[in-house]
Amino acid sequence: MLFLIHFEVTVPADTPTELKEQLRQGEHARAFEFIEAGKLRRIWRPVGTADTCCIWEADSLEELHAAVRSLPLYPYMKLSVTPLVEHPVAVAWKKEHGPMPAF
Ligand SMILES: O=C(O)C[C@H]1C=CC(=O)O1
């Protein structure tokens, strides 16, 4: 199953610099693990924000719940999760042309 996730991360301004850096490095490392596992499929920064949008693959809602809760920045996150299903245009395209063009 695919999910569109929007993350809004707010680390308090008075958080010690070393903790902020530790969190950022930990977040990147954990994200890399999910990319390598084929879970975090794509990740973007919405223009003009410090937010994150991504496409996440998960075999269950419970798996997705555990995955996002395992992110080091989770305690500082507000997130919205939108389950995705295939669009009829994509179904029609695949029928006529084969797989959708890669990103
Ligand atoms: O780092 C962020 O901005 C948020 C977080 C959401 C997924 C991920 O890998 O990073």
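Before reading further, recall that the structure is shown in the block above.
Residues numbered from 1 in each chain as written. Predicted model: local features only at pLDDT ≥ 70, side-chain atom pairs only at ≥ 80, totals over all residues. Heavy atoms only, no water.

This part takes up the layout of surface pockets. Considering only enclosed or pocket space, the largest pocket measures out at about 510 Å³ in volume. Arg 24, Glu 27, Arg 45, Thr 52 and Leu 73 are the residues nearest the centre of the largest pocket, which is lined by 23 residues in total. Elements with a minimum of two residues in the lining of the largest pocket: strand S1 (2-9), helix H1 (17-36), strand S2 (40-44) and strand S3 (52-57). In terms of residue count, H1 provides more of the lining of the largest pocket than any other element does, seven residues in total. For the lining of the largest pocket, a count of residues per class yields 15 nonpolar, three polar and five charged. Each pocket or cavity is described by its volume, and for the second largest pocket that value is around 440 Å³. Contributing to the lining of the second largest pocket are 14 residues, with Leu 2, Arg 41, Ile 55, Met 100 and Phe 103 lying nearest its centre. Secondary-structure elements contributing two or more residues to the lining of the second largest pocket are S2 and S3. Of the residues contributing to the lining of the second largest pocket, the split by class is nine nonpolar, one polar and four charged. (1 Å grid on protein atoms, 1.4 Å probe; cavity = no way out; pocket = protein on both sides within 12 Å on 5 of 7 lines; lining within 4 Å. Points joined across faces, edges and corners; volume = space filled by probe spheres on them. Helix = DSSP H or I, 4+ residues; strand = E, 2+ residues; numbered from the N terminus. Nonpolar A, V, L, I, M, F, W, Y, C, P; charged D, E, K, R; others polar.)

Below, the discussion takes up the sheet that holds S1. Spatially, S2-S3-S1-S4 is the arrangement adopted by the four strands of the open sheet, whose pairing is antiparallel. In the strand order of this sheet, the two ends are held by S2 and strand S4 (77-84), each with one partner. Within this sheet the neighbouring strands show an average axis-to-axis angle of 20°, counted without direction. The pairing of S1 with S3 spans six bridges and is classified as antiparallel. Looking at S3, one finds that Leu 2 is bridged to Glu 57. (Pairing = 2+ DSSP bridges. Axes fitted to C-alpha atoms, helices over the stretch in contact; angles between N-to-C directions.)

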